[in-house]
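# Notes for the structure review
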Amino acid sequence: MAWSQDEERMLAQIEQHLVDDDPRLVARLESFNERVRRSEARSTGQSEDRRRPRRSTVIILISWLLIATLVATLLIMVLRDDAAALAWVSVA
């Protein structure tokens, strides 16, 4: 249903009043509208290609890998030293 010219004029006045009165609200609404547009674009199949992982995900994955490598290395060193110590005690 089409809006009358009076209704459109009143809505334009309300919009202008909000823009003048609360620019932060306008910025939030524009940000929200952009998110909705991106979400709709994704859901309509415009982003069929695989998404790249976020940088933070890659950093966390590499960090866990380094921590696991460090723990494994320390365990190997401790076990090797324990085995050498046991062999030394049994020889002596």
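That block above? That's the structure.
Residue positions within a chain follow its written sequence, with the count starting from 1. Where local features are concerned, this predicted model is filtered to residues with pLDDT of at least 70; where side-chain atom pairs are given and counted, the filter is 80 or more; whole-chain, interface and lining totals use all residues. Neither water nor hydrogens contribute to the side-chain values; these are computed over all heavy atoms in the structure.

### So, the overall build of the protein
We apply this condition: Numbered from the N terminus, helices here are DSSP runs of H or I no shorter than four residues, and strands are runs of E no shorter than two. Relative accessible area decides the class of each residue, using a 1.4 Å probe on protein chains only: under 20% of the type maximum gives buried, over 50% gives exposed, and in between gives partly exposed. Values of accessible area rely on a 1.4 Å probe in the Shrake-Rupley scheme; residue burial ignores everything except the protein chains shown.
Helix and strand content of the protein: three helices and zero strands. Overall, the protein shows an N-to-C arrangement of helices and strands of α-α-α. The buried share among the 92 residues of the protein stands at 0%. Accessible surface, the protein as shown: approximately 9,300 Å² in total, 62% of it carbon and sulfur.

### Quick look at the pattern of salt bridges
Worth spelling out the cut-off: Salt bridge, as used here: a side-chain nitrogen of Lys or Arg that lies within 4 Å of a carboxyl oxygen of Asp or Glu.
Across all of its chains, the model carries three salt bridges by this definition. Across the salt bridge formed by R38 and E34, the nearest N and O atoms sit 3.7 Å from each other. Residue R38 and its partner E34 are both found in helix α2 (residues 23-43); the two are separated by four residues, about one turn of the helix. In this structure R38 comes out as partly exposed when scored by relative accessible area, which is 44%. Look at the salt bridges and you will find they share partners, linking E34, R37 and R38 into a network.

### With respect to a nonpolar patch on the surface
Stated formally: Candidate patch residues must exceed 30% relative accessible area and have no salt bridge, after which like charges are joined if within 9 Å and Val, Leu, Ile, Met, Phe, Trp or Tyr side chains if within 5 Å.
On the surface, a nonpolar cluster with roughly 550 Å² of combined accessible area is contributed by W3, L11, I14, L18, L25 and L29. When contributions to the nonpolar patch are tallied by element, the ones reaching two or more residues are α1 (5-21) and α2. Of the residues forming the nonpolar patch, the biggest block, three residues, is contributed by α1. Within the element layout of this structure, L29 appears in helix α2. With a relative accessible area of 44%, L29 lands in the partly exposed category.

### Regarding the layout of surface pockets
Keep this limit in mind: Here a cavity denotes grid points, spaced 1 Å and computed from the protein atoms alone, that fit a 1.4 Å probe unable to get out, and a pocket denotes an open set having protein on both sides within 12 Å along at least 5 of 7 lines; residues with an atom within 4 Å of a point are the lining. Grid points are joined across faces, edges and corners, and a volume is the space filled by probe spheres set on the points. Under the scheme applied here, ten amino acids are nonpolar (Ala, Val, Leu, Ile, Met, Phe, Trp, Tyr, Cys and Pro), four are charged (Asp, Glu, Lys and Arg), and all others, including Gly, are polar.
In this structure, the largest pocket occupies an estimated 160 Å³ of space. For the largest pocket, the full set of lining residues is E15, L18, V19, V26, L29, E30 and N33. If you list the elements that add at least two residues to the lining of the largest pocket, you get α1 and α2. In terms of residue class, the lining of the largest pocket is made up of four nonpolar, one polar and two charged.

### Quick word on the packing of α1 against α2
Two packed helices can be described by the angle between their axes and the distance between those axes. To be explicit about the condition: Working convention: axes come from line fits to C-alpha atoms, limited for helices to the stretch in contact. Angles between N-to-C directions cover 0 to 180 degrees. Angles are sorted into four bins: roughly parallel if under 35 degrees, roughly antiparallel if over 145, roughly perpendicular if 65 to 115, and oblique for all others. Contacts were defined at the residue level, with two residues in contact if any of their heavy atoms lie within 4.5 Å.
In contact at an axis separation of 5 Å, α1 and α2 are set at 110° when each is read in the N-to-C sense. The orientation of α1 relative to α2 falls into the category roughly perpendicular. Two secondary-structure elements touch here, α1 through L18, V19, D20 and D21 and α2 through P23, L25 and V26. Of the residues that constitute the contact of α1 with α2, the class distribution is five nonpolar, no polar and two charged.

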